[in-house]
Each structure stands twice: as structure tokens, then as C-alpha cells.
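Coordinate inspection notes
Chain by chain, the residues run as shown.
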Amino acid sequence: MATSTTVAETGAITRFAGRFFQEGFRPRYEVQELLHQCFVVGYQSLPLVGITGFIMGMVLTLQSRPTMAQFGAESWIPTMVGLTIIREMGPIITALIFAGKIGSSIGAELGSMRVTEQIDAMEVSGTNPFKYLVATRVLATTLMLPVLTVLADGIGLFASFLGINLKGVTSLALFTNNIVSALTFGDVVPAVIKTFFFGFAVGIIGCYKGYYADKGTEGVGQAANSAVVASSLVIFILDLLAVQTTGLLGLN
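Residues numbered from 1 in each chain as written. Predicted model: local features only at pLDDT ≥ 70, side-chain atom pairs only at ≥ 80, totals over all residues. Heavy atoms only, no water.

1. What to know about the overall build of the protein chain
Note the following rule: What counts as a helix is a DSSP run of H or I of at least four residues, what counts as a strand is a run of E of at least two, and both are numbered from the N terminus. Buried residues are those whose accessible area, probed at 1.4 Å on protein chains only, stays under 20% of the maximum for their type, while exposed residues exceed 50% and partly exposed ones sit between those limits.
In terms of regular secondary structure, the protein chain is built from nine helices and zero strands. Starting at the N terminus, the α and β elements of the protein chain follow one another as α-α-α-α-α-α-α-α-α. Considered along the principal axes of its C-alpha atoms, the protein chain spans approximately 70 × 35 × 35 Å. For the protein chain, the proportion of its 252 residues judged to be buried stands at 44%.

Here it is in C-alpha cells:
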């Protein structure tokens, strides 16, 4: 029963995503609402993402130092931390934080609009609620998550630099050079590209859960909760597919 429900829900979300591609790029374009959603989704998430990135970089550095010191490889800490953050930890951690904050917010917001019949009122008044509510939010999450990920990576690397200097001395130029010299095309580009898919998944699942919420106020809570759980699971699945794809293309 649970399997059939999951398959049916997956199909429904896929159709919902198909509707987005059918309607989301047709005129009339809700540019003002899109910019507002980019502000809400991106700028207002920056403090939480920044703090998370800082802690991530600091912890990775402090935790890896004792082990690296045992092998006399402390000079490799910037390279190891840089590759870890840019290739995997930065995109995944940022996406999960994003799903928890934005996914639940979208699910609760659209869910409350559904149960209070605001979406029905928009349809009656001649406004296309799907374009105004769904398309703008999905585009905003798709565009803003890569930006937030790049910023989180930068903050995390700076925190790593501070962590190294807590028990040693290194210059910012040397630290940066060690990281840049170790990075390749296959490290940076796939890591950035997959965040677009992460952002799209968070937006489309959050909108779907909220757009079709029911059962009154209880449904709003269920929409917010299930949006976070489902989008987090999809992020891990997409990350696994991304790793397999880059491996097949010889980019790992």
C-alpha cells in the first residue's frame, strides 16, 4: 500500500513538474513576483546559509587537523577541505538547509492559501494562480540555490582558513593557491550544475504539497512537513545520480 502510494505521488509530482514547463515560460510573465520571491528565497536565507557554511568549514578543519598531523600532512588540509566543501559538503548541506527553510515555507504558505480558498478566488477572478504562485517560486528556488551554494562554499573556505590559523600560521594567498591548484573542471562545474536540480526539486515539491493541501489547518502542517521530508530525500537521490553521471563521464 505504501509503495503504491509513493509511486502515485511520484507520478503526480512529475505531472505537476510537466505543467510547470508547459505554463511557466509562457506570457504573461510575473517578473515582479519572481524578483520578490528571489529576494525572499535567496537574500533572506543568506544568514542561515552563511552561518552553516562557516561552521561546516571550521569543523572540517579542526576535526581533520589531528589525523593529518599524525601523518605529517598538515599542509594538505586546505586542499582536502576545499575539495570536500566544493564537491560535496557545500552543495548537499546548503540544499538540505534550503529544503528545511524554504521547502517548508512554500508548503505552508500555499497550503494556507488553498485551505482558505484564496487560490480558488484567484481562479475565479481570472488570474492564473499556477503561474503567479508556483512558476515564480520554482524559478526562484532554481536560480537562488546555486548562488547560495557558492556563497556558502566561500564562507566555509574562509572559516577553514581561520581554523588553520588557530594553531598555525598561513597566508591567505598560500591557502587560496593550494585550493585553486587542486581544483579541476570536474570538481567545480558538476557541483554547481547539480544545485540547479536541487533547487528545482525543493521548489516543485514544496509547491505541489502546498497547492494540493487539504484537511484544513491540519493539512497545512502536513504539507510543510512532507515537503521537507520529500525534498530532502530527492536531494540525496539526485546527488547519487550526479555522482554516477560524473563518474561515467570521467569527471571524478
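Picking up after the structure, the text goes on.
2. Structural notes on the layout of surface pockets
To be explicit about the condition: Whether a set of points on the 1 Å grid over the protein atoms alone is a cavity depends on a 1.4 Å probe fitting there but being unable to get out, while an open set qualifies as a pocket with protein on both sides within 12 Å along at least five of seven lines; lining residues are those with an atom within 4 Å of a point. Grid points are joined across faces, edges and corners, and a volume is the space filled by probe spheres set on the points. When residues are sorted by character, Ala, Val, Leu, Ile, Met, Phe, Trp, Tyr, Cys and Pro go into the nonpolar class, Asp, Glu, Lys and Arg into the charged class, and all the rest, Gly among them, into the polar class.
Taken as a whole, the largest pocket holds about 420 Å³ of empty space. As for the largest pocket, its lining consists of 16 residues, and the residues nearest its centre are Thr 10, Ile 13, Ile 205, Ala 230 and Val 234. Counting residues per element, the ones that place at least two in the lining of the largest pocket are α1 (2-23), α8 (185-211) and α9 (216-248). Top contributing element to the lining of the largest pocket by residue count: α1, with seven residues. Among the residues making up the lining of the largest pocket, the classes are represented as ten nonpolar, four polar and two charged. Computed from the structure, the second largest pocket encloses a volume of approximately 250 Å³.

3. Focus: the UniProt feature "transmembrane region" (unreviewed entry) in the protein chain
Threshold: UniProt positions are given in the numbering used here, feature names are shortened, and annotations may be inferred rather than shown by experiment.
Per the UniProt record, the feature "transmembrane region" (unreviewed entry) sits at residues 41-62, 138-164, 191-211 and 223-243. Between the end C-alpha atoms of residues 191-211 there is a gap of 30 Å, over a span that is 100% helix and 0% strand. Between the C-alpha atoms that bound residues 223-243 the distance is 30 Å, and the span itself is 100% helix and 0% strand.

4. Section: unusual backbone geometry
The phi angle at Glu 117 is positive, at roughly 65°, despite the residue not being glycine. Considering the arrangement of structural elements, one finds Glu 117 in the loop between α4 (77-115) and α5 (118-124).

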